[in-house]
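Letter by letter, the chains look like this.
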Amino acid sequence: MKKILVTGANGYIAKHVIADLYKRQYSVRGTVRDLSYSEVIKQDIEKHLNSSIDIEFVKASLDKDDGWNEAVKGCDAILHTASPFPINYIKDENELILPAKEGTLRVLNAAKLNSINRVIITSSNAAVYAGNKHINEFDETIWTNIDAKGVRAYTKSKTIAEKAAWDFISKNSSITLTTINPVLVWGPGLGDHLSSASLGIFKILMKKEMPMVPKIKMPIVDVRDVSKAHVDALENKDSYNKRFLVCENTYWFKDVCTKLKSVGINAPSIVAPSLLIKFLSLFDKKLKEITPFLNYDFNINSKQAKTVLGFKPIEFEKTLEDTYKYLNDLLKNK
């Protein structure tokens, strides 16, 4: 039985990845920043699978060397899903950029030292489409322009970390790399992921905290599809040394709200004037981060994922229904 290391095992995507690995008869070791998370992770995955699992955990953090050699040793492949994501606005962008880049290189160096030749990294659409408003359709050949005005720290961190990974691979050809680049990820979590940044917008809409919506487009994909893409790529030689954008489709924010109404969420239906958003962004750092995307129409091309990985995305309506049920059940118990 092959053993796969999953970094950041407590994550929203990572728990699905671990469950999917067990479904395909892999053995799993996970990294966590705090070993006290271990039992909860195990219980959440066992509940989902309705069976017991024998999973190992190793303490390792993206910002430290400690633990990575122990984590990697004896594994057959690595699925690197761990990445810092800001919950609140940060003043120093290096608080995100350095852990993302250096953490990725720590994982790759440990793989090299332990002769592991297969690595899959969870990157992001953030490493593809930002700072490129002259482009209206994105595929894996495109990289975010981190020097463009208004590119936020998280976007820079994902771009810089992924580029560092590909640069490392170019100098260490014994390792085959694949990156999975999801867009905004929704869908039911395993366990409590109320603090997940990717579910933040959904929660705001559920709680009616947003009276109007900006005129921006939202590319969306289901967490279950993101997980499946990781595992489908694992031993698929056609996926080696490729990037994969995974996206169900792109939707204007207003259209998302219209669909949310069909699952019982009284989402806002009024589109805020873009000039108002720009004015308010002078006083709200979070609004400032979305202003580069106001009125910007674009699409995401996931043809490569469909052709190579057999990516067949869950329909958006199903994702909405399942996300709503998942979050509603969690919030009722809080």
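Here, every reference points to the structure presented above.
Below: a short report on this structure. Small disclaimer: the values here were computed from a predicted structure and weren't measured.

Thresholds applied
Numbering of residues begins from 1 in every chain and follows the order in which that chain's sequence is written. With pLDDT at 70 or above as the cut-off, local features in this predicted model cover only qualifying residues; side-chain atom pairs require 80 or more to be listed or tallied, and sums for whole chains, interfaces and linings still use all residues. To get the side-chain values, take all heavy atoms of the structure and skip hydrogens and water. Helix and strand definitions here come from DSSP, where helices need a minimum of 4 consecutive H or I residues and strands a minimum of 2 consecutive E residues; each element is numbered from the N-terminal end. Residue contacts follow a heavy-atom distance rule, with two residues in contact if any of their heavy atoms lie within 4.5 Å. With a 1.4 Å probe rolled over the protein chains alone, any residue whose accessible area is under 20% of its type maximum counts as buried; one over 50% counts as exposed, and the rest are partly exposed. Strands qualify as paired when DSSP identifies two bridges or more between them. Fitting a line to C-alpha atoms yields each axis, with helices limited to the stretch in contact; the angle taken between N-to-C directions then spans 0 to 180 degrees. As used here, the term nonpolar core means buried Ala, Val, Leu, Ile, Met, Phe, Trp, Tyr and Cys residues forming a set that is joined through side-chain atoms within 4.5 Å. Each angle gets one of four labels, with under 35 degrees taken as roughly parallel, over 145 as roughly antiparallel, 65 to 115 as roughly perpendicular, and the rest as oblique. Definitions for this section: a left-handed crossing has its near helix turned counterclockwise from the far helix by less than a right angle. A right-handed crossing has that turn clockwise. The nonpolar class holds Ala, Val, Leu, Ile, Met, Phe, Trp, Tyr, Cys and Pro. Asp, Glu, Lys and Arg form the charged class, and all remaining residues, Gly among them, are polar. Any Lys or Arg side-chain nitrogen located within 4 Å of an Asp or Glu carboxyl oxygen qualifies as a salt bridge. Any two of the Phe, Tyr and Trp rings considered here, Trp counted by its six-membered ring, make a pair once their centres fall within 6.5 Å; the pair's planes then place it as stacked at under 30 degrees, edge-to-face at over 60, or tilted in between. Whether a crossover is right-handed depends on one test, that the path from the first strand over the helix to the second runs clockwise when the strands point away from the viewer.

As for its placement among the helices and strands, Ser227 is situated in helix 7 (residues 223-233). With residues up to four places along the chain from it excluded, the contact list for Ser227 reads His16, Val17 and Asp20.

With 7 of its 7 residues buried, strand 7 (residues 176-182) lies for the most part within the structure. Two strands pair when backbone bridges link them, and strand 5 (residues 118-122) and strand 7 are joined in this way by 5 bridges, in the parallel orientation. Paired with Val119 across the two strands is Leu177, which belongs to strand 7. As paired elements, strand 7 and strand 10 (residues 242-246) share 5 bridges and run parallel to each other. Note that in strand 10 the partner of Asn181 across the bridge is Leu245.

With that settled, consider the sheet that holds strand 8 (residues 184-186). The 3 strands are arranged 8-9-11 in an open sheet whose pairing can be described as mixed. Two strands lie at the open edges of the sheet, namely strand 8 and strand 11 (249-252), each paired on one side alone. In this sheet, neighbouring strand axes are inclined to one another by 45° on average, regardless of whether the strands run parallel or antiparallel. Of the pairings in the sheet, the one linking strand 9 (residues 217-222) to strand 11 comprises 4 bridges and is antiparallel in character. The residue of strand 11 that forms the bridge with Pro219 is Thr250. Across the sheet, helix 8 (residues 253-261) lies against strand 8, strand 9 and strand 11, angled at about 95° from strand 11, the strand it touches most. The sheet contacts of helix 12 (residues 316-332) involve strand 8, strand 9 and strand 11, and relative to strand 8 the element is tilted by about 60°.

What follows is about the nonpolar core. Counting 76 residues, the largest nonpolar core has Leu21, Phe138 and Trp186 as the members making the most contacts within it. Per element, the largest residue contribution to this core is 8 residues, and it comes from helix 1 (residues 12-23). Those residues in contact with Phe138 that lie beyond four places of it in its chain are Val128, Tyr129, Asn132, Leu245, Tyr296, Phe298, Asn299, Ile300 and Asn301. Ranked by size, the runner-up nonpolar core spans 23 residues in total, among them Ala60, Ile78, Phe168 and Ile169.

Turning next to the packing of helix 1 against helix 7. Here helix 1 crosses helix 7 at 55°, and the two axes come no closer than 9 Å. Our classification of the angle between helix 1 and helix 7 gives oblique. As for how helix 1 packs across helix 7, the hand of that crossing is right-handed. Mapping the contact onto sequence places Tyr12, Ile13, His16, Val17, Asp20 and Leu21 in helix 1 and Val223, Arg224, Val226, Ser227, Lys228, His230 and Val231 in helix 7. Looking at the contact of helix 1 with helix 7 residue by residue, the classes come out as 7 nonpolar, 3 polar and 3 charged.

Quick look at the pattern of salt bridges now. Enumeration according to the criterion identifies 19 salt bridges in this entry. In this structure, Glu162 engages Arg243 in a salt bridge whose closest nitrogen and oxygen atoms are separated by 2.6 Å. Residue Glu162 is located in helix 5 (residues 153-171), and its partner Arg243 is located in strand 10; the two are separated by 81 residues in the primary sequence. Assigned by exposure class, Glu162 and Arg243 land together as buried.

All chains considered together, the criterion is met by 7 aromatic pairs. Measuring from centroid to centroid gives 5.3 Å for Tyr129 and Phe293, while their planes differ by 20°, and the two rings are stacked. Taken together, the residues Tyr129 in the loop between strand 5 and strand 6 (137-138) and Phe293 in the loop between helix 10 (285-290) and strand 12 (299-300) connect sequence positions 164 residues apart. Pairing Trp186 with Phe202 gives two aromatic rings, centres 4.8 Å apart and planes at 85°, and the pair type is edge-to-face. A residue pair is termed long-range when its members are at least 10 positions apart, and Trp186 in strand 8 and Phe202 in helix 6 (residues 200-206) qualify at 16 residues. Both residues of the pair, Trp186 and Phe202, count as buried. One aromatic cluster in this structure is built from Tyr129, Phe138, Phe293, Tyr296 and Phe298.

Once that is clear, we can look at the sheet that holds strand 2 (residues 27-32). Backbone hydrogen bonds hold the strands of a sheet together, and the pairing may be parallel or antiparallel. Strand order across the open sheet formed by 7 strands is 3-2-1-4-5-7-10, with parallel pairing between neighbours. Two strands close off the open sheet at either side, each with one partner strand: strand 3 (56-59) and strand 10. Sheet twist, expressed as the mean angle between neighbouring strand axes with direction ignored, is 20°. Helix 1 rests against strand 1 (3-7), strand 2, strand 4 (77-80) and strand 5 of the sheet, and its axis sits at about 170° to strand 1.

Here strand 1 lies mainly inside the structure; 5 of its 5 residues are buried. Pairing geometry for strand 1 and strand 2, over 4 bridges, is parallel. In the strand pairing of strand 2, Lys3 is matched with Ser27. For the segment spanning strand 1, helix 1 and strand 2, crossover handedness is right-handed.

By themselves, these are just geometric observations and shouldn't be taken as functional.
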